[in-house]
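Chains, contacts and geometry: an overview
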Amino acid sequence: MAADPADPADPADPADPADPADPADADALLAAARLIAGLPPAPAVWCSGLRKRYGRRPAVADVSLEVGRGEVVGLLGPNGAGKTTVIKMLLGLVRPDAGEVLLLGRPAADPAARARVGYLPELFRYQPWLSAAEVLALHVRLAGVGVPAQEQRDCLSLVGLADRAGDRVGGFSKGMQQRLGLAVALVARPEFVVLDEPTSALDPLGRVDVRDIVLALRSRGVAVLLNSHLIGEVERVCDRVVILDRGRVAASGTLAELLGRRELRLRLTDLSPAAQARLAATGDVEKADDWFTVALPADDDGTAVPDLVRDLVTLGARVHAVEPGRISLEERLLGILRAGHGGER
Ligand SMILES: Nc1ncnc2c1ncn2[C@@H]1O[C@H](COP(=O)(O)OP(=O)(O)OP(=O)(O)O)[C@@H](O)[C@H]1O
């Protein structure tokens, strides 16, 4: 007989709650609890199909991404690409028009999730009448976390503000305010840290400090989402990169995936016109003395290099050296953005 979901006594009724006093239900509850405890923790953040429009202008057209626990992900893209808007939607600060977000496995607006997130916004101003130490203490209270005073002082030392703890924030330089913002993002022992342009006002030493801080966070299993125009910074610290362009994900992947073995350097002599044409047919070629750098096709299935070398030799070229070249993230980023704009930028 089919189960009757309307019958409260029917065990198949999904609305009939488990009774912990019933040994069968208690065993099932225990098994479910063990199953859940054994699951890996939810990603630091996950989103799918995010969209946001301001008036008639789409700021974010369709963005899906994930930051795993202990992972450092870089967000790159030109001005106005939608990076800050995505960040704000991930943190429940801007309501998406469409799409879903899970922050540490919970809805983005859930205070329990937000209390475990550290955020350095792109634009911020702290209360100018408070001292740096008071600003930190205030944020610790807002996060509802007990952080001892010594740990708060350590946090100010970490960002290089130990000797300015008692000074009013109103008298801080831009870089010092940014350092304080970083301390605020870190002080409540977050599991996920979002840094929106954390080094825009920092001197070179400050930038190195931020890099070290991000790497230290990762080594403690803290996930980081880093939005920065400093591509070298992203390249040095990020495990993965998401490139946004006009509100969409233009590319994403690990640095190895994005940069890959997409170029080949060859030292060649006795290059006939036919061999030169064969080289040019592979991809863009740059020449410096006897060295040729050729871009490999993005869809290379592993045959491009052996086929090229075989053909060059057949066409009479002398092949002295063949080595993989690695383009920089900056070159890759520009290539992706130019391709997306039909080469008009
Ligand atoms: N509050 C807002 N009201 C109206 N338009 C907005 C608002 N916030 C963002 N936008 C628009 O949304 C688009 C994306 O902006 P966003 O700040 O997310 O870009 P971004 O990639 O962070 O840029 P940048 O690198 O310059 O900081 C832009 O066209 C911007 O003008």
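Residues numbered from 1 in each chain as written. Predicted model: local features only at pLDDT ≥ 70, side-chain atom pairs only at ≥ 80, totals over all residues. Heavy atoms only, no water.

Focus on the overall build of the chain
If you tally the helices and strands in the chain, you get 12 helices and 14 strands. Dimensions of the chain, computed from C-alpha atoms along their principal axes, come out at roughly 85 × 75 × 45 Å. Put simply, 67% of the contacts in the chain that link residues at least 6 apart link residues at least 24 apart. On the chain, roughly 18300 Å² of surface is accessible, and the fraction owed to carbon and sulfur atoms is 53%. If you average the places of the 41 positive and of the 47 negative side-chain charges in the chain, the two averages end up 8 Å apart. (Helix = DSSP H or I, 4+ residues; strand = E, 2+ residues; numbered from the N terminus. Contact = heavy atoms within 4.5 Å. Areas by Shrake-Rupley, 256 points an atom, 1.4 Å probe, with all protein chains shown as cover. Lys, Arg positive; Asp, Glu negative; His and termini not counted. Charge placed at Lys NZ, Arg CZ, Asp CG, Glu CD.)

Quick notes on helix H4 (residues 132-143)
In an α-helix, one full turn covers 3.6 residues, which means residues spaced three or four apart are oriented alike. Between its first and last C-alpha atoms H4 spans 17 Å; for 12 residues at 1.5 Å apiece the expected length is 16 Å, and the two agree. Along H4, the residues that are buried comprise Ala-132, Val-135, Leu-136, Val-140 and Ala-143. Viewed along the axis of H4, the buried residues span an arc of 135 degrees, placing them on a single side of the element. Projecting away from the buried face of H4 at angles above 90 degrees are the exposed residues Arg-141 and Leu-142. Elements that come into contact with the buried residues of H4 comprise helix H5 (149-158) and helix H6 (174-187). Phi turns positive one or two residues past the end of H4, at Gly-144, with a value near 70 degrees. (Expected span 1.5 Å × (residues − 1). Buried < 20%, exposed > 50% of the residue type's maximum accessible area, 1.4 Å probe, protein only. Arc of directions from axis to C-beta.)

Points about the site of the ligand
Neighbouring residues of the ligand: 13 residues in total, closest Gly-80, Lys-83, Thr-84, Thr-85 and His-229. Between Thr-85 and the ligand, the recorded distance is 2.5 Å, taken from a side-chain N or O atom to an oxygen atom. When the ligand is considered free in solution it has 630 Å² of accessible area, and contact with the protein chains removes 63% of it. Contributions of two or more residues to the shell around the ligand are made by strand E2 (57-67) and helix H2 (83-90). With 3 residues, H2 is the largest single contributor of residues to the shell around the ligand. A per-class count over the shell around the ligand returns 4 nonpolar, 6 polar and 3 charged. (Near = heavy atom within 4 Å. Polar contact = N/O pair within 3.5 Å; in protein donor to acceptor, adjacent residues only side chain to side chain. Nonpolar A, V, L, I, M, F, W, Y, C, P; charged D, E, K, R; others polar.)

Quick word on the environment of Tyr-126
Within the secondary structure layout, Tyr-126 lies in the loop between strand E6 (117-120) and H4. Overall, Tyr-126 belongs to the buried group, its relative accessible area being 10%. Considered as a pair, Tyr-126 and Gly-181 are 55 residues apart in the sequence and their alpha carbons are 8.5 Å apart. Among residues more than four places away in sequence, those in contact with Tyr-126 are Val-135, His-139, Val-169, Gln-177, Leu-180, Gly-181 and Val-184.

Concerning unusual backbone geometry
A positive phi angle is found at Glu-197, which is not glycine, with a value near 50 degrees. Relative to the helices and strands, Glu-197 resides in the loop between strand E7 (192-196) and helix H7 (204-219).

A closer look at the state of the cysteines
The tally for this structure, following the rule as stated, stands at 0 disulfides. This cysteine, Cys-47, is not joined by any disulfide, and Cys-238 carries the nearest cysteine sulfur, 16 Å off. The class for Cys-47 is buried, based on a relative accessible area of 2%. The class of Cys-238 is buried, set by a relative accessible area of 6%. (Disulfide = S-S within 2.5 Å.)

As for the environment of Gly-70
Mapped onto the elements, Gly-70 comes out in the loop between E2 and strand E3 (72-76). Using a relative accessible area of 18% as the deciding quantity, one classes Gly-70 as buried. Each C-alpha atom of the pair Gly-70 and Gly-221 lies 3.9 Å from the other, and the pair is 151 residues apart in sequence. If we ignore the near neighbours within four places in the chain, the residues touching Gly-70 are Arg-218, Gly-221, Val-222, Ala-223 and Asp-239.

A word on the pairing of strand E8 (residues 223-227)
Burial runs high along E8: 5 of the 5 residues are buried. Neither face of E8 is left uncovered, since the one carrying Ala-223, Leu-225 and Asn-227 and the one carrying Val-224 and Leu-226 both have all their residues buried. As paired strands, E3 and E8 are joined by 4 bridges and run parallel to one another. When the sheet's bridge partners are listed, Gly-74 is paired in E8 with Leu-226. Relative to E8, E7 runs parallel, the two sharing 5 bridges. Residue pairing in the sheet places Asp-196 in a bridge with Asn-227 of E8. Traced from E7 through H7 to E8, the parallel crossover comes out right-handed. (Pairing = 2+ DSSP bridges. Right-handed = clockwise from strand over helix to strand, strands pointing away.)

Some words on the sheet that holds strand E11 (residues 263-269)
Taken in spatial order, the 4 strands line up as E12-E13-E11-E14 in an open sheet, and their pairing is antiparallel. Sheet topology places strand E12 (285-288) and strand E14 (318-325) at the edges, where each strand pairs with a single neighbour. If you compare each strand with its neighbour and ignore which way they point, the axes differ by 20 degrees on average. Taken together, the 7 bridges between E11 and E14 define a ladder with antiparallel strand orientation. Residue pairing across strands places Leu-264 opposite Pro-324, the latter belonging to E14. Packing against the sheet, helix H10 (residues 273-282) makes contact with E11, E12 and strand E13 (291-295), and its axis sits at approximately 40 degrees to E13. Where helix H11 (residues 304-314) meets the sheet, it contacts E11, E13 and E14, and its direction lies at approximately 15 degrees from that of E11. (Axes fitted to C-alpha atoms, helices over the stretch in contact; angles between N-to-C directions.)

Interpretation note: all reported values are geometric properties and have no functional meaning in isolation.
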